[in-house]
Amino acid sequence: MPTKTLHFPSPRHLSSLYGNREENLPYAEKVLGVMLVTRDDWLRIDGNAAMIATAEALFTFLDKARAQGVIIRTPDFHRIADAFGRGKGAELETLLQSPLVITTNRKTIVPKTLGQKLYLQSMLAHPVVFGIGPAGTGKTYLAMAAAVNALLKNQVERVILTRPAVEAGESLGFLPGDLREKILPYLRPLYDALHDMLEPEDVAQLTEKGVIEIAPLAYMRGRTLANAFIILDEAQNTTPEQMMMFLTRLGEDSRMVVTGDITQIDLPRSKSSGLLEVRHILAGIPGIDFHTFSSGDIVRHPLVAKIIEAYDAYRNPMAPAPDREEGR
């Protein structure tokens, strides 16, 4: 049986390529059709020539990704191994060409999927970008990273983060507390992402000075937002009127990113979603780009992708069933 042995700088270096978990190697053996034996700083691959070449390409890719700052977790390893097993390795290789890195005060953020990289490239190239896709694809997080990065590089003077105050059918009037206390739960995910990228004292200081503003969508009405990076999150819960109001706030030297998941609309049935409508209205306008994520871009637990696909299959029984064996 043909065999190939790969050598790495150290045992720790090698184990980091498969998430430091031995059980990930049998997973790769299954999806690639090879046998993997590792000891110390080497990895031996047994199988036919084509399968060995695929496995070698996988670990070469993982090693290059590690060198570019990508931390490989078990879900990442499974997702990348699946891609190589399906013959999609060449598509992933484009992630490592012209590395795209977003740097904030607390961490360096590297896109983990081709879809994420294309999304970041779109935000750098277009004044208005729509990021549409399922939960766990990094739509909001990457937009926040791009906004913080632009602020730190003095490309914009302020960052404005907003969400419609509509969640799961609840009305603000029925929630306890004053207006700030009622609104805070809707904006908490934005604060959480911000604290992941900046030191807490920096967030407090920049917020106090108005350099970073986090507010409900209703607070945007009547304003012109210049020299700013503006993010509208959970945009599936905007009405067409709210969407138009928000988009027309764009001022000079500003950039806008609109994110949302059209499968999680919480508006009353009598109201249509502005995010569903806007693509038909604005498609083809120079400077505006629509980026659609797929379940393959999900970077949470691998089961999240399967849960989303199961719901899609339930809601669309005529659609082709997902390939469970390929982990899609």
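Up top you'll find the structure we're talking about.
Everything in this summary refers to the structure shown in the same document. Per chain, the residues get numbers from 1 upward, laid out in the order the sequence is written. Local features in a predicted model are, by the rule used here, given only for residues with pLDDT of at least 70; side-chain atom pairs are given and counted only at 80 or more, and totals for whole chains, interfaces and linings are based on all residues. To get the side-chain values, all heavy atoms of the structure are used, and hydrogens and water are removed first.

Our focus in this paragraph is the pattern of salt bridges. Salt bridges are counted wherever a side-chain nitrogen of Lys or Arg sits within 4 Å of a carboxyl oxygen of Asp or Glu. In the structure shown here, the tally under the stated rule is seven salt bridges. Between Glu91 and Lys88 there is a salt bridge; the shortest N-O distance is 3.9 Å. With relative accessibility at 42%, the residue Glu91 sits in the partly exposed group. One salt bridge connects Glu234 with Arg163, and the closest N-O pair in it is separated by 3.3 Å. On the criterion of sequence distance, the pair formed by Glu234 in the loop between β9 (228-232) and α10 (240-247) and Arg163 in strand β7 (residues 158-163) is long-range, its members being 71 residues apart. The buried label goes to any residue with under 20% of its type's maximum accessible area, the exposed label to any with over 50%, and the partly exposed label to all in between, with areas taken from a 1.4 Å probe on protein chains only. Exposure remark for Arg163: the relative accessible area of 8% places this residue in the buried category. What emerges from the salt-bridge pattern is a single network uniting Arg163, Asp233 and Glu234. Strands here mean DSSP runs of E at least two residues long; helices mean DSSP runs of H or I at least four residues long; both are numbered from the N terminus.

A word on the pairing of β7. With respect to burial, β7 is a largely interior element, five of its six residues being buried. Following DSSP output, two strands are said to pair if at least two bridges run between them. Summarising the sheet, β7 and β9 pair through five bridges and their orientation is parallel. Residue pairing across strands places Val159 opposite Phe229, the latter belonging to β9. Relative to strand β8 (residues 212-216), β7 is paired through five bridges, and the arrangement is parallel. Looking at the pairing, Ile160 lines up with Glu213 of β8.

It is worth spelling out a nonpolar patch on the surface at this point. Among the surface-exposed residues, Ile262, Ile265 and Leu276 lie close enough to one another that they form a single nonpolar patch of about 220 Å² accessible area. Checked against the element boundaries, Ile262 lands in the loop between β10 (255-260) and α11 (274-282). Using a relative accessible area of 39% as the deciding quantity, one classes Ile262 as partly exposed. Patch membership requires more than 30% relative accessible area and the absence of a salt bridge. Residues of like charge join within 9 Å; the nonpolar side chains Val, Leu, Ile, Met, Phe, Trp and Tyr join within 5 Å. With residues, only the protein chains shown are counted as cover, and all accessible areas are computed by Shrake-Rupley using a 1.4 Å probe.

Turning next to the environment of Thr292. Along the chain, the position of Thr292 falls in strand β11 (residues 288-292). Among the residues examined, Thr292 registers a relative accessible area of 47% and is labelled partly exposed. Within the local environment of Thr292, its side chain forms a polar contact with the side chain of Arg279, the two groups lying 2.8 Å apart. Identification of polar contacts relies on pairs of N or O atoms within 3.5 Å, with a donor-acceptor requirement for protein atoms, meaning one able to donate a hydrogen and the other able to accept it, and with residues adjacent in sequence counted only if both atoms are side-chain atoms.

The next thing to look at is empty space enclosed by the protein. To find the voids left in a structure, one rolls a probe of water-molecule size over its atoms. Note on definitions: the grid is 1 Å and covers protein atoms alone; a cavity is a set of points where a 1.4 Å probe fits but cannot get out; a pocket is an open set with protein on both sides within 12 Å along at least five of seven lines; lining residues have an atom within 4 Å of a point. Grid points are joined across faces, edges and corners, and a volume is the space filled by probe spheres set on the points. This structure, assessed with the given rule, holds one cavity of 30 Å³ or more. For the largest cavity, the full set of lining residues is Phe61, Ala65, Gln68, Val70, Asp76, Ile80, Leu95, Leu96, Val110, Pro111 and Lys112. Elements supplying a minimum of two residues to the lining of the largest cavity: α3 (49-67) and α4 (74-85). When residues are sorted by character, Ala, Val, Leu, Ile, Met, Phe, Trp, Tyr, Cys and Pro go into the nonpolar class, Asp, Glu, Lys and Arg into the charged class, and all the rest, Gly among them, into the polar class. Among the residues forming the lining of the largest cavity, the class breakdown is eight nonpolar, one polar and two charged.

Each axis is a line fitted through C-alpha atoms, and for a helix only the stretch in contact is used; angles between axes span 0 to 180 degrees, taken between their N-to-C directions. Relative orientation of the contacting elements helix α2 (residues 24-32) and α4 amounts to 15°, with a least axis distance of 9 Å. For the element pair α2 / α4, the angle class is roughly parallel. The chirality of how α2 crosses α4 is right-handed. Contacts from Asn24, Tyr27, Ala28, Val31 and Leu32 in α2 reach Thr74, Phe77, His78, Ala81, Asp82, Phe84 and Gly85 in α4. Class assignment for the residues of the contact of α2 with α4 results in seven nonpolar, four polar and one charged. Should an angle fall under 35 degrees it is taken as roughly parallel, and over 145 as roughly antiparallel, whereas 65 to 115 is taken as roughly perpendicular and any remaining angle as oblique. Less than a right angle of anticlockwise turn of the near helix away from the far helix marks a crossing as left-handed, whereas a clockwise turn marks it as right-handed. Contacts are assigned to residue pairs with any non-hydrogen atoms lying within 4.5 Å of each other.

What follows is about the packing of α10 against α11. Where α10 meets α11, the axes come as close as 8 Å, and the angle between the chain directions of the two elements is 60°. When the axes of α10 and α11 are compared, the pair comes out oblique. The handedness of the crossing between α10 and α11 comes out as right-handed. Where α10 approaches α11, its residues Pro240, Met243 and Leu247 are matched on the opposing element by Gly274, Leu275, Glu277, Val278 and Leu282. For the contact of α10 with α11, the class distribution of residues is six nonpolar, one polar and one charged.

Before going further, it helps to spend a moment on the sheet that holds strand β2 (residues 35-39). Pairing is antiparallel in the open sheet, where three strands are placed in the order β1-β3-β2. Across the chains shown, the open sheet's two edge strands, defined by having one partner strand only, are β1 (3-7) and β2. Put simply, the sheet's adjacent strands are angled 20° from each other on average, direction ignored. Looking at chain direction, β1 and strand β3 (residues 42-46) are connected through five bridges and run antiparallel. Across the sheet, residue Lys4 finds its bridge partner in β3, namely Ile45.

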